[in-house]
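One letter stands for each residue in the lines below.
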Amino acid sequence: MGFRLIWRNVTAKPFRFLLTCSAVTLGVMFTVGVFVFTDSLRATFGDLADDIQGNFDIQVRSEIPFGERIDAPQVPVELSDTLAAVEGVEAVQPRIISFNTIAIDGEGEAQVTLGPPNLGVNWESDTPSPRLFVREGREPRSSTEMAMDVDAFADGTFEIGGTYTVLTNDSPRSFELVGTFSFADPETNALVGAKLIAFDTESALEILNRNEGYDDLTVVAAEGQDVATLLARVQAALPDGFEALTSEAAADEQAQDFDDFISRFQTFLLVFAFIILLVSAFVIYNVFSILVGQRIRELGLLRAIGATGRQVTTALLGEAAIVAMFSTVVGIATGIGLGWTLRWLLSRFEFAPQGNDLLLEPATFIWGAIVGVGVTMVSAIVPSFRARDISPMAALRSDARLVHRQPAVNTVLGGSIVIVSWLILLFALISDNWQLVLLLGPIAAFGNTIGSRRLNPGVARYSTAAFGIALLLLSLILDLGTGTVLILLGVAAGTTFLGVASISPMWAPGIVGALGRWPLAILLLLVGVPLTLLGAAATIGCAVLFVIRFVALFTDPGFAAGVEVVGFGFAITFALGLLALGLRCIDTSFILGWRISRVIAAVFVFLVGAVGVVLALTGLAGLLTLETAEIALLPVGVVLFGAATCLRRFLPTSMRANARMARENSRRNPDRTASAATALMIGLALVSTATVVASSFKATFADILSDSVTSDWFISGNAQGDPTFNFSTDLARDLDMLDETDTVVRYRFSFEAYRTVVNQEVQDSSATDLANSLEHLNPDFVELDESLIGRDTIWIHEGFAADNLLEIGDSFEIEFPDQVVETVTVGGIFTDASIYGNRVISLELWQDRYPTGGDQFLSVTTANGIDDDRARAAILAITDSYPQLNVDSREEFQERQENSIDQALVVINVLLLVAIVIALLGIAITLALSVFERTRELGLVRAVGMTSRQMTRMVLFEGAIIAVFGGFLGLILGTLFGAAAVQVIPDAFISTLDIPVTDLMQYLAIAAIAGIGAAMVPARRAARLNVLDAISHE
Amino acid sequence: MTDAPSTTPAARAVGATKIYGSGDTEVRALDGVDVTFNKGDFTAIMGPSGSGKSTLMHCMAGLDDLTDGEVVIGETALSTLSEKDLTLLRRDNVGFVFQAFNLVPTLSAIENITLPMDLAGTTPDQGWVDQVIETVGLANRTTHRPNELSGGQQQRVAVSRALATRPEIIFADEPTGNLDSTTGNEILSFMRSAVDEFGQTIVMVTHDPAAASYANRVIFLVDGKIVDELREPTPDAVLDMMKSLG
Ligand SMILES: Nc1ncnc2c1ncn2[C@@H]1O[C@H](COP(=O)(O)OP(=O)(O)OP(=O)(O)O)[C@@H](O)[C@H]1O
Ligand SMILES: [Mg+2]
């Protein structure tokens, strides 16, 4: 079919075209943004890896069979002499590097970075190619001197020649700051966000590594010496337990480390990109279905004049292709901008290295194109192919509808497809491999759906959802690895979403019929009132600030002040938007026109007005007596009174008919309502899942605190859960010496602490003062033999005990990263994994194997008869020297945990917000299209006396109905999957299920508001229809 | 004027002029129309295609505004009304029946009939509504949706809706234009009885002399001007008149 026709169709309705494109564009933009962002990060970190490991020829370090490199045992000091004696070695440079080396500046501020490490290093004076270059002053030469990098110097209040305290995992000590330096380059500091403090090698050895040895040695080859030969010679000279590698290999390894981290981050973001694209796909699918439905007569006409069904499909796919190309191009362009902005923000706030390298890999463009074109075309395929079946007769009938073509029933074929799908699933589950589940799970789900359509078309509608629920149940029943089970749950969620999407048209009439009456009207009233008040308050506040700043601009002009004024101007607009939205919600809630709502509204309006008058009078009195504080009430009162007067206009008349029409409109085309709602359903389901998980996380923590924790004070850093975080062991000692404290218990944790010799499995583990810990924590012992407590005691979780057939008194061997094998004896078996994880060993044993580490966390009990205030004062007097640490009481500690969980939840919800915005866009497009389609009908009701305000309410109500329908399904699914996630996440993390009903209800309320918001533009168009034109609309 | 059933005007137009476009493309759809529709009168408007009949209906019903002149419904001059008041006037004081597409597809027959009252938030006078439905013969079809009704039944619902609010005046633009003559006659007799029994005022556009004979007055419109008028018309008289006008 001619390209011209396709092009005409696209350009005839540019607004609609742009709206359709926007859904895809946002998805592509996010995907491309993630790639640009992470590629640029990778490049910066790649450079950093070269800077870190690039100034030598050979690195010598201890060998570790497993575990983190930072936990590796040290290299003995003598080894450096051994190496220096090797033929062809020009120089040997010992290196020391330690995390958590924090300087306290002249104002007592601990100079802690937000993301990158705080590092302590030795000044490398033995190498011919240094990494540190003095910028001011000189290098540290004695045990009382230090230098720091120029950026750290500039960030804090420091002076060369001043003396500052430095916190390490040894005792705090004071050093004279003798100079500043830059890293990797004499001119620019290539130290990407980290803060670096350098000491002379001997002091570094003592304070950073407790004289255990160097972290590694770097070797520079003599002039003309072949590195490969030298490497062999060095390797020959090394005793057992040490290894040598070239600088290239070391840099690659370093880059790989960075890369792993960035890739994890990238995966996290791409998951959200995927969600966004899924939601976009639904929007596109819906829009195309509606467009085909609306043009059914036109398409029938094409068929009547001789176009083949295939040509019709091609024409529609051609339109989709134009949408796809346009949105992809715009998406890629804006995505590059987004990636760059993110990159900039991250370095701006010091979470990541500076650097403005904008890396555009070909893969970025390829993915952007695949995603944009792919999602659009896939979403448009079903509607386009349905159009193939439009009969030429459709041109003549006014009520022609698209039919869903069912495949012919074929029991053998369908049955075998279903069976094969289940076998595939079974195979994936037996493998217990998350990659296989991720790959084969969706394939099995797809096969199951296809197969059951051939088995029995009636049942097939339910098959996808049923399969999803089956996966959900399997994930709960089967004993799979945590990773596998979470992926399985994700596949279950995706399948269930799609399944529910295909059933929900059947539910839509019922649910919409029930929801679209008083429940929704009450909800709208409930959200409308606070939103209106908030909007009014915000408007007043911003307006007052705007005026104040604006006036101030005259006395004190400047760019920043100007920006502020403009900012407040925007804020006013935004606040007015909230106000308008709130008023719209209230207004729409009256659509049912009950007497009672009229009474409530009248009372409400009267109260607002009355409060306004009282405030205004108070303000007036204040003005007369010049009580400044009260004058401010005058404008507030006047505005309130004015608002009440305006609100009177909104006092409702009965509109049962409107409500009914809105409801009927959403029921008339259940497919459309359901798929418009589905996009929002997915968004809200994910938000609810995250909320249920977070809330359960908090509940778990509250439970632990109240049931199993008996200590009174908790000392922690901000970076909890970061295993590299630790602090000086002096603190515990000093706190223990206080009269006000009874006992202090110290904690260590590592994800790869040791491996069990018998099966070579690497285990995570805690370590603590076992004896004292009994007064602090109770992991719910099944059995405990206190007489066994000693250096070689281990307490284990009952699950681990059962798996390894261990009982009290049994011994087994564990091997540490330093390759020392220790024999530990089971002294206790506990049931509560949320405290120590699955294993805890004694601190003595830990310290023997990890001699340079500090404490990660402390808990303290108050001595008998000491009140809280005194205890706190005493503890604070000591922790004052450690500004990077927090001291919390039980309540404060719980609050801190909850805050950090909430923060994580906010981050997730903000990322999901993009998906939700697209879903709302989808609702707006759907409504706009149905308004267009119903033009004639709308004209008719206007002709027989519907006012334009009633019309607005009707369309707004319809928007709210769709949104609440989607929100409602989303909440149910989200809660279901949240609860399931809580079940499958190991008890060590989450053990208590908590469903935050109020929060979830709020989401429903927000969905209603958002529905109103999305419907505002279509509603306005409907209200402004010219009655006569509308009536004669074809 | 002595033989008119009543002399109180339900609606009138004074110098009604409607001009579409301007310059070369200017069309005078109405050109200074003066007409009065008395209470309880059943008036038919006839004229060739494009003579301005629909335009007159629309302007009189407050669906469109005049370029010049004035329309008065009851005591109210339409030019003084805001868009909203016009809507309310249509809702409460004017009934309208179009040639087709008169009903909201999602509402049942009875809901369509009471729609103006529902929009107004008033309770319909059940006795009156029942009486209207009875008269149109729709009693057993009230819960049907429009697409379950025949074209004739749909038009009857539309007329019932126009009657249900007991408006000042009902305008009907070719209400039987899409119907066969038997069904059309049913509708026309029904409108006739509404005039006779309830004293309703009706103005109807038609091309059919037989239809016009149901009215007690026929007005002829040509090129936006009233050119002639007949009282108590018979089909033959109407036909003669049409021939004489060419
Ligand atoms: N929206 C418009 N724009 C421009 N001209 C118009 C418009 N509506 C009507 N006209 C013109 O006004 C004149 C009167 O139209 P009107 O629809 O009132 O005729 P009518 O008597 O109802 O004809 P018919 O018997 O065919 O229904 C015609 O010449 C028509 O072309
Ligand atoms: Mg006409």
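Criteria and cut-off values
- Residues numbered from 1 in each chain as written.
- Chains lettered and ligands numbered in written order.
- Predicted model: local features only at pLDDT ≥ 70, side-chain atom pairs only at ≥ 80, totals over all residues.
- Heavy atoms only, no water.
- Helix = DSSP H or I, 4+ residues; strand = E, 2+ residues; numbered from the N terminus.
- Rg over C-alpha atoms; globule rule 2.2 N^0.38 Å.
- Buried < 20%, exposed > 50% of the residue type's maximum accessible area, 1.4 Å probe, protein only.
- Contact = heavy atoms within 4.5 Å.
- Areas by Shrake-Rupley, 256 points an atom, 1.4 Å probe, with all protein chains shown as cover.
- Lys, Arg positive; Asp, Glu negative; His and termini not counted.
- Charge placed at Lys NZ, Arg CZ, Asp CG, Glu CD.
- Axes fitted to C-alpha atoms, helices over the stretch in contact; angles between N-to-C directions.
- Parallel < 35°, antiparallel > 145°, perpendicular 65-115°, else oblique.
- Left-handed = near helix turned anticlockwise from the far one by under 90°.
- Nonpolar A, V, L, I, M, F, W, Y, C, P; charged D, E, K, R; others polar.
- Pairing = 2+ DSSP bridges.
- Salt bridge = Lys/Arg side-chain N within 4 Å of Asp/Glu carboxyl O.
- Near = heavy atom within 4 Å.
- Polar contact = N/O pair within 3.5 Å; in protein donor to acceptor, adjacent residues only side chain to side chain.
- Core = buried A, V, L, I, M, F, W, Y, C linked by side-chain atoms within 4.5 Å.
- Expected span 1.5 Å × (residues − 1).
- Bend = angle between axes of the 7 residues up to and from the residue.
- Buried area = accessible area lost by both parts, 1.4 Å probe.

Participant: Describe the overall build of chain A, with residues and values.
Facilitator: Counting its secondary structure elements, chain A contains 32 helices and 22 strands. Taken over C-alpha atoms, the radius of gyration comes to 34 Å for chain A, in line with the 31 Å a tight globule of 1034 residues would show. Taking all 1034 residues of chain A together, the buried fraction comes to 52%. Long-range pairs, those at least 24 residues apart, make up 81% of the contacts in chain A with a sequence separation of at least 6. Of the roughly 44,200 Å² of accessible surface on chain A, 62% is carried by carbon and sulfur atoms. Positive and negative side-chain charges in chain A, numbering 64 and 110 respectively, have mean positions lying 26 Å apart.

Participant: An account of the packing of helix α12 (residues 434-455) of chain A against helix α13 (residues 457-477) of chain A is requested, with residue identities and associated values reported.
Facilitator: Any two packed helices are characterised by the angle at which their axes cross and by the distance between the axes. All names here are of chain A. Where α12 meets α13, the closest approach of the two axes is 7 Å, and the angle between their N-to-C directions is 165 degrees. Relative to α13, the element α12 is oriented roughly antiparallel. The two elements α12 and α13 meet at a crossing, and its hand is right-handed. Contacts from G441, A444, A445, N448, T449, S452, R453 and L455 of α12 reach α13 at P457, A460, S463, T464 and F467. In terms of residue class, the contact of α12 with α13 is built from six nonpolar, six polar and one charged.

Participant: Tell me what's going on with the sheet that holds strand β6 (residues 94-97) of chain B, and back it up with residues and numbers.
Facilitator: All names here are of chain B. Read across the sheet, six strands follow the order β6-β7-β8-β3-β9-β10 without closing on themselves; strand pairing throughout is mixed. Of all the strands in the sheet, just β6 and β10 (225-231) have a single pairing partner and so form its edges. Taken over all neighbouring pairs, the strand axes of this sheet differ in orientation by 20 degrees on average, direction set aside. In terms of strand pairing, strand β9 (residues 217-222) meets β10 through six bridges, oriented antiparallel.

Participant: So what's going on with the pattern of salt bridges? Which residues, and what values?
Facilitator: By the definition in use, this model includes 40 salt bridges over all chains. Linking R755 of chain A and E815 of chain A is a salt bridge whose minimum nitrogen-to-oxygen distance equals 3.1 Å. Placement of R755 of chain A in strand β14 (residues 741-756) and of E815 of chain A in strand β18 (residues 811-815) is noted, with a sequence separation of 60 residues between them. The burial state of R755 of chain A is the same as that of E815 of chain A; both residues are buried. Where K39 of chain B meets E168 of chain B, a salt bridge forms, and the shortest distance between an N and an O atom there is 3.5 Å. Of this pair, K39 of chain B sits in the loop between β2 (27-38) and β3 (42-46) while E168 of chain B is found in the loop between α5 (151-164) and β7 (169-173), placing the two residues 129 residues apart along the sequence. Residue classification places E168 of chain B among the partly exposed positions, given a relative accessible area of 24%. Through salt bridges with shared partners, a single network forms among R791, D792, D818, E822, D848 and R849 of chain A.

Participant: I'd like to hear about helix α3 (residues 109-120) of chain B, residue by residue, with values.
Facilitator: All names here are of chain B. Judged by how many residues are buried, α3 sits mostly within the fold: 10 of 12 residues are covered. Among all positions of α3, only A109, N112, I113, T114, L115, P116, M117, D118, L119 and A120 are buried. Backbone geometry just after α3 places G121 at a positive phi near 75 degrees.

Participant: Provide a residue-level description of the site of ligand 1, including the pertinent values.
Facilitator: All names here are of chain B. Ligand 1 sits among Y20, V27, A29, S49, G50, S51, G52, K53, S54, T55, E174 and H207. One of the backbone nitrogen or oxygen atoms of S51 is found 3.2 Å away from an oxygen atom of ligand 1. Contacts to ligand 1 include T55, whose side-chain N or O atom sits 2.4 Å from an oxygen atom. For ligand 1, whose accessible area on its own is 630 Å², the fraction buried by protein is 59%. The set of elements that each furnish at least two residues to the shell around ligand 1 consists of β2 and α1 (53-60). Sorting elements by how many residues they give to the shell around ligand 1 places α1 first, with three residues. When its residues are assigned to classes, the shell around ligand 1 shows three nonpolar, seven polar and two charged.

Participant: Could you give me a rundown of the side chain of D769 of chain A, with the residues and numbers involved?
Facilitator: Residue placement: D769 of chain A occurs in the loop between β15 (761-768) and α23 (770-773). Although D769 of chain A is buried, it forms no salt bridge, and the closest oppositely charged side chain is R746 of chain A at an N-O distance of 4.1 Å.

Participant: So what about the nonpolar core? Which residues, and what values?
Facilitator: Ranked by internal contacts, the top residues of the largest apolar core, which has 195 residues, are L520 of chain A together with M60, I73 and F171 of chain B. The biggest single contributor to this core is helix α30 (residues 948-984) of chain A, with 19 residues. Apart from the residues within four sequence positions on either side, L520 of chain A is in contact with L515, F957, A960, I961, V964 and A1008 of chain A. Counting 40 residues, the second largest nonpolar core, distinct from the first, contains V132, I187, I202 and M204 of chain B.

Participant: Now, about the sheet that holds strand β2 (residues 89-95) of chain A: what can you tell me, with residues and values included?
Facilitator: All names here are of chain A. Reading across from one edge, β2-β11-β1-β12 is the order of the four strands in this open sheet, with antiparallel pairing throughout. Unpaired on one side and paired on the other, β2 and β12 (242-246) mark the two borders of the sheet. Ignoring strand direction, the axes of neighbouring strands in this sheet form an average angle of 20 degrees. With six bridges joining them, β2 and strand β11 (residues 216-221) adopt antiparallel strand pairing. Looking across to β11, one finds that A91 is bridged to V220. Packed on one face of the sheet, helix α7 (residues 247-294) meets β1 (58-62) and β12 and runs near 95 degrees to β12.

Participant: Which residues make up helix α28 (residues 890-933) of chain A, and what are the values?
Facilitator: For α28 of chain A, built from 44 residues, the straight-helix expectation of 64 Å at 1.5 Å per residue is met to within 8% by its first-to-last C-alpha distance of 61 Å. At L913 of chain A, α28 of chain A is bent by approximately 30 degrees, the largest bend along its length.

Participant: Please set out the interface of chain B and chain A residue by residue, giving values where relevant.
Facilitator: Counting residues at the interface gives 25 residues for chain B and 24 residues for chain A. With both sides pooled, the region where chain B packs onto chain A buries about 2,300 Å², and carbon together with sulfur makes up 64% of that total. It is T106, D118 and L119 of chain B in chain B that bury the most area against chain A; as a group they hold 25% of the surface buried on that side. The interface formed by chain B and chain A holds one salt bridge in total. Notably, a salt bridge pairs R942 of chain A with E83 of chain B, separated by 2.6 Å at the nearest N-O pair. Counting every contact that joins chain B to chain A gives three residue pairs in polar contact (both at pLDDT 80 or more). Of all the elements in the fold, those that place two or more residues in the side of chain B that touches chain A are α2 (83-93) and α3 of chain B. Among the elements that make up the side of chain B that touches chain A, the one with the highest residue count is α2 of chain B (six residues).

Participant: Go over the side chain of S859 of chain A with me, naming the residues and quoting the values.
Facilitator: Residues and elements named next belong to chain A. Inspection of the secondary structure puts S859 in strand β21 (residues 857-862). Overall, S859 belongs to the buried group, its relative accessible area being 1%. Of the polar contacts made by the side chain of S859, one reaches the side chain of H776; its length is 2.7 Å. Beyond its immediate sequence surroundings of up to four residues, S859 is in contact with S711, W713, F714, T743, V744, V745, Y747 and H776.

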